[in-house]
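Analysis of the macromolecular model
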Amino acid sequence: MPTISSPGSAFWSVEGDQLLSQLETTENGLSQAEVARRLAGSDKLRPHRETAWSLLVDQFKSPIIILLFCSAILSFTLLNDRTNGVIIVFILIASGLLSFWQELSAADAVAKLMGMIETKGTVVRDGHDVEIPLGEIVPGDIVRLRAGDLIPGDCRLITARDLFLNEAVLTGESFPVEKSVAVLPEQTPLGQRVNSLYLGTHVMSGLATAVVAGTGRNTEFGKISERLEVKQPETGFERGLRHFGQLLIKIVMVITVVVFCVNVGVQKKAVVESLMLGLSLAVGMTPQLLPAVTGVVLAAGAKAMARHQVIIKQLLAIENLGSMTVLCSDKTGTLTEGVIHLEATVDIDGKPSERIAQQAYLNAYFQTGFTNPIDRAICDRQQFETGEIQKLDEIPYDFVRKRLSVRVLQGGRKQLITKGALANVLECCTQVETADGNLVDLASHRETISGRFAEMSNDGLRVLGLAIREVDGPHITKADEQGMTFLGFLVFSDPPKADAKETIAQLRELGVRLKVITGDNRAVAATISHRVGIVSPMIVTGSELRTLHDEMLVQRVRAADIFAEVEPNQKEQIIRALKRSGEVVGYLGDGINDASALHAADVGISVASAVDVAREAAQVVLLKQDLSVLVQGVLEGRRTFSNTLKYVFFAISANFGYMFSLAVASMFLKFDPLLPSQILLVNLLADFPAMALATDTVDPEQIQRPRRWDVGFIIRFMMSFGLVSSIFDFLTFGAMYYMYGLDEVIFHTGWFLESTLTGLMILLVIRTQRSFFLSRPGNLFLLSLAAIASLTVWILYSPFSQTLGFVEPPLKLLVIVFAITLLYGIGMEVVKRLFYRYLAG
């Protein structure tokens, strides 16, 4: 099927007759038979949805989840500990279903794309205009367009009259875009292709005839939909979790093999008994509650964000918000209001003028052409009395003149008021009205006017001119637009949101840098950036990005503050380059052109007013137009991440020390240091206060900078705290051997008590980088610590004590264990201080 929108093609750069020839069509359109043939081979946009089954399976692919399922199987089978197995399986299934439910509701982003284009258009078939569904339009069709029409494909203009399009959803440009017939260079950026129309945009005014160069997937819109069909890239948090899971698997395998070999080869113990001990140690090393702790802290974070009117669609997005180091944002509708405002009405000296504001208001108020953002902005800024003013006539805006004139009767005078592009208004003028009301020759002030215009334009402002003239007679024509008096300038902008600058400053203090990615030109992008607090920005354009190879691209995107004149596919390219450089990237956007970037980012953020596809591609949606909630999101993300890491640090260090001590003891003792059931009981008791870490308080200094998974840090933490912890275990072994000899039941009882109490102590110590008595824990956490400590002592005196393999401990043993626990807490405080000073990296 003929198409000009294949990769690498540039239909905007081909001569009109040549383009029609390539598409095998004429200005009389295609025949019905040819259309049927082309429809059969068309590559339409079709909604793509992951099946519910595939989403459910995705929840259980993590190495940690697989490892925990293996632990559950071992508990059910070889270890005969069904209680532990049931707990693990319940936690895994509950946390998996929670994530599955969240993601299932967000799986229709591409379907929303289709919903935006279900309408009809007018095409030429066999020389006649017919109205057909947009889905039946094919490359080579000749389409007729008028105000309100949706563009049915990527098109090239054949004829155009007074044609203006709204391309904000694709390019981010707030102002209506003028279109005209032309042949452009192949390298012309998307936002500057005045001869091209794109699927998903719509006509604001004027008439046009165009040839469809591409439909469906062979469009700019289609490229975005294809990117959304690709599975979302692994985020920073998911990548860290995967690496952590792989580390755990390696540790578990080493422990199991070493303990088994030592017990069988050195101690000459039975094979089954040695295997059971090794597997018990392996199960004990697994952080069984990690999915539950993660689920609880994420759910609590989502609930807290909901109070700020923020929807968290994917729970892991909270963790990624906390780890975010770079926030990329489109300009229009996110950093800015997305609505054109009349910034000022100034005379040729740059001074505010009420007279200019009034004349501009009359021109905008009385014009009866198409509704447009310019006139709406003028009327919204300041209203003037019109009761005694009568409209007489008007000359509508057109593409050639680029101005609009209205004649009114005010104060007994018939006055023509003209506004439009500055150069086109000046060509009608012969004189200028100065600030004191004097009329002077235009030529003497032309340089001043041009300089003022250049100055404001370079500041990223849209500047129009305004002129007046008294005109008698019954009617006016275009010929009356001459001999006019230039009054001054109408200055328009898309201003930043009220809270944008403050929010960006707060994010900067939290270690999150802002990068602006926009389709606007350098001047507009730089101006907005200055106004939101980015000083001396480094600007890179889309054209420059196209010339960079991968390595240079990564370096340039890290250094740049603003990306201007960027095409939609380049936004995603920038996001991916930043991620390759090691950044955790957030993206804030609201248009069709932002969808693929939202999909590629570690955390995609959109706003309630965004187009459907942007909202659905995002993981976080702000229901209020209030950027300050972003700061709350970052802080909440860091709290949840901090509490998740607390559990990880506890599980990996305490469990490692505990299992290392068991493994060493098993080499020298003729009996097992603890029975497999006792090992799992210690693990189970420690899990209750560990679970309460999900609601623990977080020290302010722990949320001031971005944090992320660091497997090297975790290994250093595990070795430092785990090995020192083992020293206190060996101290307990020595004390019990000295006082009671190799009494197996006393040994089991004493070490069970010491292991559990020191496990609770290490929880208190590692939950904060401060001295533990200077950081107030959460109430639920404190309560759980006290409850488990009491329960541990009670078990040894309970009716179940003998069944569990314990004996009532002598008072001397209790005193020794409590003393060792106290020394352990002091020792761990010393280790913590040394670790964060010398080994934290």
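Above: the structure in question.
About the criteria used
- Residues numbered from 1 in each chain as written.
- Predicted model: local features only at pLDDT ≥ 70, side-chain atom pairs only at ≥ 80, totals over all residues.
- Heavy atoms only, no water.
- Core = buried A, V, L, I, M, F, W, Y, C linked by side-chain atoms within 4.5 Å.
- Buried < 20%, exposed > 50% of the residue type's maximum accessible area, 1.4 Å probe, protein only.
- Helix = DSSP H or I, 4+ residues; strand = E, 2+ residues; numbered from the N terminus.
- Contact = heavy atoms within 4.5 Å.
- Axes fitted to C-alpha atoms, helices over the stretch in contact; angles between N-to-C directions.
- Parallel < 35°, antiparallel > 145°, perpendicular 65-115°, else oblique.
- Nonpolar A, V, L, I, M, F, W, Y, C, P; charged D, E, K, R; others polar.
- Phe/Tyr/Trp six-rings, centres within 6.5 Å; stacked < 30°, edge-to-face > 60°.
- Left-handed = near helix turned anticlockwise from the far one by under 90°.
- Salt bridge = Lys/Arg side-chain N within 4 Å of Asp/Glu carboxyl O.

**Description of the nonpolar core**
With 138 residues, the main nonpolar core has Leu327, Phe563, Ile575, Ile605, Val620, Leu622 and Phe650 as its most contacted residues. Sort the elements by how many residues they give to this core and helix H25 (residues 628-668) lands first, with 20 residues. Every residue in contact with Ile605, bar those within four places of it in the chain, is listed here: Leu321, Leu327, Tyr587, Leu588, Gly589, Leu598, Ala618, Val620, Leu622 and Leu630.

**Side note on the packing of helix H12 (residues 316-323) against H25**
Relative orientation of the contacting elements H12 and H25 amounts to 105 degrees, with a least axis distance of 7 Å. In this view, H12 runs roughly perpendicular relative to H25, as classed from their interaxial angle. Here H12 contributes Ile318, Glu319, Leu321, Gly322 and Ser323 to the contact with H25, which in turn contributes Gly633, Val634, Glu636, Gly637, Arg638, Thr640, Phe641 and Thr644. For the contact of H12 with H25, the class distribution of residues is four nonpolar, six polar and three charged.

**Describing the environment of Leu669**
Summarising the element assignment, Leu669 is placed in the loop between H25 and helix H26 (676-692). When its relative accessible area of 10% is taken as the criterion, Leu669 is described as buried. Put simply, Leu669 and Glu744 are 75 residues apart on the chain and 9.4 Å apart in space, counted from C-alpha to C-alpha.

**Quick notes on the packing of aromatic side chains**
Two measures describe an aromatic ring pair: the distance that separates the ring centres and the angle between the ring planes. According to the stated counting rule, one finds 26 aromatic pairs in the structure shown. Taken together, a centroid distance of 5.9 Å and an interplanar angle of 70 degrees make the contact between Phe721 and Phe835 edge-to-face. A residue pair is termed long-range when its members are at least 10 positions apart, and Phe721 in helix H27 (residues 711-740) and Phe835 in helix H30 (residues 811-839) qualify at 114 residues. An identical accessibility class is assigned to Phe721 and Phe835; each is buried. Measuring from centroid to centroid gives 4.7 Å for Phe733 and Trp751, while their planes differ by 75 degrees, and the two rings are edge-to-face. Here Phe733, found in helix H27, pairs with Trp751, found in helix H28 (residues 744-766); they are 18 residues apart in sequence, far enough to count as distant.

**Section: the packing of helix H18 (residues 500-509) against H25**
Between H18 and H25, whose axes approach to 8 Å, the crossing angle comes to 20 degrees. When the axis of H18 is compared with that of H25, the two are roughly parallel. Like other packed secondary-structure pairs, H18 and H25 cross with a definite hand, here left-handed. Note on element contacts: H25 touches H18 through Ser628, Val631 and Val634, opposite Thr503, Gln506 and Leu507.

**Examining the pattern of salt bridges**
Going through the model one piece at a time under the given rule, you end up with 27 salt bridges. As a salt-bridge pair, Arg403 and Glu481 come within 2.8 Å of each other at their nearest N and O atoms. Of the two residues, Arg403 sits in strand S12 (residues 403-410) while Glu481 sits in the loop between strand S16 (462-470) and strand S17 (484-493), which places them 78 residues apart along the sequence. The exposure class of Arg403 is buried, given its relative accessible area of 7%. The residue Arg522 makes a salt bridge to Glu544 at a minimum N-O spacing of 3.4 Å. Here the residue Arg522 occupies a position in helix H19 (residues 522-531), and Glu544 occupies one in helix H20 (residues 542-546), the gap between them amounting to 22 residues. The partly exposed category is assigned to Glu544, whose relative accessible area is 28%. One network of salt bridges, in which partners are shared, links Arg401, Arg403, Glu427 and Glu481.

**Details of unusual backbone geometry**
Positive phi, close to 55 degrees, is recorded for Glu24, a residue that is not glycine. Locating Glu24 in the fold gives a position in the loop between helix H1 (16-22) and helix H2 (32-40). The backbone phi angle of Glu565 is positive, close to 55 degrees, even though this residue is not glycine. Looking at the element boundaries, Glu565 is found in the loop between strand S20 (562-564) and helix H22 (568-580).

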